[in-house]
Amino acid sequence: MRMSVIGTGYLGAVHAVCMAHLGHDVVAYDTDASKIDMLSAGSSPFYEPGFDELLGTVLATGRLRFTKSPVEAVSGATVHFVCVGTPQLPGSDAADVQYVDGAFRMVAENADCDGLIVGKSTVPVGTAQRLAAELATSPLGLELAWNPEFLREGKAIEDTLRPDRLVFGVTSEHAEKTLQEVYGPIIDAGTPHLTSDLATSELVKVAANAFLATKISFINAMAEVCDLVDADVVTLSRALGYDDRIGARFLNAGLGFGGGCLPKDIRAFSARAGELGASHALRFLHEVDKINIRQREKAVEVARAAVGGEFLGKSIAVLGAAFKPNSDDVRDSPALNVAAAMHLKGADVRVHDPKAIENARARFPTLGYFDSAEAACRNADLIVLATEWEEYCTIDPVAFRSVVREPRLLDTRNAIDRQYWSDAGWQMFGLGRGGPKA
Ligand SMILES: NC(=O)c1ccc[n+]([C@@H]2O[C@H](COP(=O)([O-])OP(=O)(O)OC[C@H]3O[C@@H](n4cnc5c(N)ncnc54)[C@H](O)[C@@H]3O)[C@@H](O)[C@H]2O)c1
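Notes on the structure in this doc start here.

Quick notes on the rules
Residues numbered from 1 in each chain as written. Predicted model: local features only at pLDDT ≥ 70, side-chain atom pairs only at ≥ 80, totals over all residues. Heavy atoms only, no water. Pairing = 2+ DSSP bridges. Helix = DSSP H or I, 4+ residues; strand = E, 2+ residues; numbered from the N terminus. Contact = heavy atoms within 4.5 Å. Axes fitted to C-alpha atoms, helices over the stretch in contact; angles between N-to-C directions. Buried < 20%, exposed > 50% of the residue type's maximum accessible area, 1.4 Å probe, protein only.

**A few points about the sheet that holds strand 9 (residues 315-319)**
Read from one edge of the open sheet, six strands run 11-10-9-12-13-14, paired in parallel fashion. Strand pairing shows two members of the sheet lacking a second neighbour, strand 11 (368-369) and strand 14 (427-430), which therefore form its edges. The sheet contact formed by strand 9 and strand 12 (residues 382-385) spans four bridges and is parallel. Among the inter-strand pairings, Val318 is bridged to a residue of strand 12, identified as Val384. Strands in contact with helix 13 (residues 283-306) are strand 12, strand 13 (408-411) and strand 14; relative to strand 13, the strand with the most contacts, it is inclined by about 170°.

**Quick look at unusual backbone geometry**
Its identity is not glycine, yet Asn326 carries a phi of approximately 65°, on the positive side. The residue Asn326 is located in the loop between strand 9 and helix 14 (334-344) in this model. Note on Asn326: relative accessible area 35%, which makes it partly exposed. At Asn379, a position not held by glycine, the phi torsion is positive, near 60°. Of note, Asn379 is situated in the loop between helix 16 (373-377) and strand 12. What makes Asn379 partly exposed here is its relative accessible area of 43%.

Put into structure tokens, the structure is as follows:
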């Protein structure tokens, strides 16, 4: 099937590569010419495990091309995937849908045959219906569908090729059949696929993110209580997680969520509920957001207490800059947020991340960046483990003692073996685990 992919960021580039891998003939387009140059040359503008390899393989088949020309992307295609960004509007909680509107308009203007335009971006409920009404005036037989994306950065290829489920928001049997054909091999592998109206398909995505964010903030609220009574949130979380009505995933207390999706998506969902006259229904999401931000502030205060109550003159190594491991994405990264706050309060902050240094430097140029965890930690008064990359979780605490000035570790992700490090002579700090109070 000949298809176009509009937008080649984290979502679009992965989608384009995976569609070509499934056997489709894909032309992908982005307004950012530098991304197109890199992808055409077989190199990725971001870090995603397995992406570069699959990109190379599908480019060699000739089934995937990248273009700077919207006409070349769209002409001849019968399915168009819109994968552009929906960031938070400056000064508002709402989503900025101008890129989605622009992409739909671009496809409608350049399409030269009947086809299906499929939205994959995360949008406020009602967007698809509005765009469908606009498309109805197009002289060609262009139809709209919504197919929300649930991939996780760091596991994006796996999630795209072997998703938990597929959701098709459609208004006709033809659109449903087309999407079933697009995803044929994935459906044949037994993946559950649900068909719905447009609004439900838009809501599935934001509801899923709202639930996940709530689960994380729930356990972080428990961490706040644990700190007050010297209880241990890690044990609490494990005990809760064994209850299969609750489940252990997304129940790790720590620095909370960040990235380009969860924070902006829950804010946009609340804002949309307000527009619909139902702000009361999602008021709890404000609290979810506040708990999440509070964890970052709390981490800074625990770090301050750990170095004796004053940041000035203290050297603090921050391990991790990406919002999660196995990604170079630093959008709304809790790790960088904490690093920047400690820097502002006078600490000498030394950051390491295996993949996200360049992105971090572009956002926070005044922090110190180092090529290795060891270099960042040299003579540190405190190490803050802020993103749980595997390489940090396997550091040998005995060998590392000679690297730092003071053997103190604040594990904001509750990711390392506390006892093991303690036994090696380290003073351990955490969130929801006791230690110095803010
Ligand atoms: N990143 C994720 O893990 C993820 C997961 C699920 C859903 N989503 C959703 O997918 C959407 C994209 O997210 P992302 O992380 O890939 O964003 P991103 O910022 O990495 O990429 C968006 C891309 O769209 C391009 N673009 C903007 N307007 C365009 C236009 N008119 N024509 C062509 N290209 C255009 C930008 O240049 C950019 O490269 C968002 O709505 C996001 O919420 C993202």
